[in-house]
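# Inside the fold
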Amino acid sequence: MKSIIFIGGVHGVGKNFLLESIKLDIPFIHLTASKVLKWKEISDNPDKKLVHSITNTQDILVENLKKIVKDGQNYLLDGHFTLLNKSGEIEKVPMDTFIQIAPKALIVKTSAPDIILQRLKNRDNQIWDLDKISNMQKQELEYAQLIAIKLKVPFYQLEDNQGNILEEILQKEFINA
C-alpha cells in the first residue's frame with residue numbers, strides 16, 4: 001500500500017508491549033489489525049479468537065486500510081500470519097492479503113509458549129493449549145518467512161526485550177530505505 005511494516009505474532013506474544021517499549025524519534029502510526037477491522041463490530045464474540053471466515057475478514061482489513069493509510073506517513077501494522085478458524089484450527093491468512101498490503105518489511109514477534117500461555121490467561125482470562133500455542137507460533141514464523149521471500153521484503157524475528165532491535169529495524173526501513 002504505502003509505507004507499512006507488518007509485525008505479526010500469535011495472540012498474547014507481546015506485540016503491543018514491545019511497541020510501547022520503544023522510544024523512537026521516527027514518526028509512525030501504529031495500527032492494529034483488530035481495530036482496522038473493527039473486530040468488536042464484526043465478531044459474534046469479540047473475546048474469542050475464532051474467525052468465521054478468514055478470507056472475508058482479511059478482505060475487510062485490506063479495504064479499511066485503503067481508507068486509512070495516507071501517502072507520506074509511516075505505518076506499523078500489527079496482526080497475524082495465522083489465525084484460528086471457526087473450528088479452532090490454525091489457518092494461514094491468505095497470501096493475497098499480504099500482496100495487497102505490500103509491506104516494506106515483515107517482523108514476527110516470538111516468545112516462549114509458556115510465557116504466552118500465562119499472558120493469555122492474565123489478559124483474556126482464557127486457558128489455551130500449550131501445544132497449540134507452540135504450533136501456531138511455529139507456523140506464524142515459517143509462513144512469514146515464506147511471505148517475505150514471495151514479496152522480496154526483509155524479514156525479522158524479535159524475541160522478548162528486543163525493543164532496541166525494533167528501533168533499529170524501524171530506523172532502517174523508514175528512514176534509511
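Throughout, residues of each chain are indexed from 1 in the direction in which the sequence is written. For a predicted model such as this one, the threshold for reporting local features is a pLDDT of at least 70, and the threshold for listing and counting side-chain atom pairs is 80 or more; totals across whole chains, interfaces and linings nevertheless cover every residue. Processing note: side-chain calculations cover all non-hydrogen atoms of the structure and skip hydrogens and water entirely.

### Some thoughts on the environment of lysine 67
Counting from the N terminus, the helices are DSSP H or I runs at least four residues long and the strands are E runs at least two residues long. Looking at the element boundaries, lysine 67 is found in helix α4 (residues 54-68). For the pair lysine 67 and valine 36, spaced 31 residues apart in the sequence, the C-alpha separation amounts to 9.8 Å.

### Focus on the sheet that holds strand β8 (residues 155-158)
Strand pairs in the sheet, formed through backbone hydrogen bonds, run parallel or antiparallel to each other. Reading across the sheet, the five strands line up as β2-β4-β1-β7-β8 and stay open at both edges, with parallel pairing between neighbours. Strands with a single pairing partner mark the edges of an open sheet, and in this sheet they are β2 (29-32) and β8. For this sheet, the mean angle separating the axes of adjacent strands, direction not counted, is 25 degrees. Here strand β1 (residues 3-8) pairs with strand β7 (residues 105-109) via four bridges, running parallel. The partner of isoleucine 5 across the bridge, within β7, is alanine 105. By definition, residues are in contact when any of their heavy atoms lie within 4.5 Å. Convention adopted: a line fitted to C-alpha atoms gives each axis, helices being fitted over their contacting stretch, and angles between N-to-C directions are expressed from 0 to 180 degrees. Packing of helix α7 (residues 130-151) onto the sheet brings it into contact with β1, β7 and β8, and relative to β7 it is tilted by some 170 degrees. Should DSSP find at least two bridges between two strands, the strands are regarded as paired.

### Details of the pairing of strand β5 (residues 82-85)
Along a regular strand, successive side chains alternate from one face of the sheet to the other. Pairing geometry for β5 and strand β6 (residues 90-92), over three bridges, is antiparallel. Considered in β6, the bridge of leucine 84 is made with isoleucine 90. The antiparallel pairing of β5 with β6 creates a hairpin that spans four residues between the two strands, and glycine 88 there sits at a positive phi of about 80 degrees.

### Quick look at the nonpolar core
Here, the term nonpolar core denotes a set of buried Ala, Val, Leu, Ile, Met, Phe, Trp, Tyr and Cys residues that are joined through side-chain atoms within 4.5 Å. Working definition: with a 1.4 Å probe on protein chains only, accessible area under 20% of the residue-type maximum means buried, over 50% means exposed, and in between means partly exposed. Counting 27 residues, the largest nonpolar core has Leu65 and Phe81 as its most contacted members. Mapped onto this core, the elements with two or more residues apiece are β1, α2 (33-37), α4, β4 (74-79), α5 (95-101), β7 and α7. The biggest single contributor to this core is α7, with five residues. Formed by 15 residues, the second largest nonpolar core is a distinct cluster that contains Ile7, Ala105, Leu166 and Phe174.

### As for the side chain of threonine 32
One can find threonine 32 in strand β2. Look past the residues within four positions of threonine 32 in its chain and what remains in contact with it is Asn16, Leu77 and Asp78.

### Thoughts on the packing of helix α6 (residues 113-124) against α7
Helix packing geometry: the angle between the two helix axes and the distance between the axes. α7 packs onto α6 with a crossing angle of 115 degrees between their chain directions and a minimal axis gap of 9 Å. With respect to α7, the axis of α6 lies roughly perpendicular. Here α6 runs over α7; the crossing is right-handed. Facing Pro113, Asp114, Ile116, Leu117 and Leu120 of α6, the residues of α7 in contact are Leu130, Ile133, Ser134 and Gln137. The residue makeup of the contact of α6 with α7, split by class, is six nonpolar, two polar and one charged. For classification, angles of less than 35 degrees are called roughly parallel, those exceeding 145 degrees roughly antiparallel, those between 65 and 115 degrees roughly perpendicular, and all remaining angles oblique. Take the far helix as the reference: if the near one is turned anticlockwise from it by less than a right angle, the crossing is left-handed, and if turned clockwise, right-handed. Residues were grouped as follows: Ala, Val, Leu, Ile, Met, Phe, Trp, Tyr, Cys and Pro as nonpolar; Asp, Glu, Lys and Arg as charged; and all remaining residues, including Gly, as polar.

### Description of α7
The span expected for a helix works out to 1.5 Å for each residue beyond the first. Relative to the 32 Å expected for 22 residues at 1.5 Å per residue, α7 spans 31 Å between its end C-alpha atoms, a close match to the ideal helical length. Three or more residues of α7 are buried, namely Ile133, Met136, Gln137, Glu140, Leu141, Tyr143, Ala144, Ile147 and Ala148. Its side-chain oxygen placed 3.2 Å from the backbone nitrogen of aspartate 131, aspartate 129 serves as the N-cap of α7. Directly beyond the C-terminal end of α7, a positive phi value near 60 degrees is found at lysine 152. Here a polar contact is taken to be a pair of N or O atoms separated by no more than 3.5 Å, where protein atoms must pair a possible hydrogen donor with a possible acceptor and residues adjacent in sequence count only if both atoms sit in side chains.

### What about the packing of aromatic side chains?
Aromatic ring pairs: the centre-centre distance and the angle between the two ring planes describe each pair. Each aromatic pair joins two rings of Phe, Tyr and Trp (for Trp, the six-membered one) with centres within 6.5 Å, and gets the label stacked for planes under 30 degrees apart, edge-to-face for over 60, and tilted for any other angle. Considering all chains together, one arrives at five aromatic pairs under this definition. Taking the centre distance of 5.2 Å and the plane angle of 20 degrees together, the rings of phenylalanine 81 and phenylalanine 98 count as stacked. Here phenylalanine 81 is found in the loop between β4 and β5, whereas its partner phenylalanine 98 is found in helix α5, with 17 residues between them in sequence. Neither residue differs from the other here; phenylalanine 81 and phenylalanine 98 are each classed as buried. Pairing phenylalanine 98 with tyrosine 143 gives two aromatic rings, centres 6.4 Å apart and planes at 80 degrees, and the pair type is edge-to-face. Residue phenylalanine 98 is found in helix α5, and its partner tyrosine 143 is found in helix α7; the two are separated by 45 residues along the sequence. No difference in accessibility class separates phenylalanine 98 from tyrosine 143, as the two residues are buried. In this structure an aromatic cluster arises from ring pairing among Phe6, Phe81, Phe98 and Tyr143.

Keep in mind that these numbers describe shape and distance, not what the molecule does.
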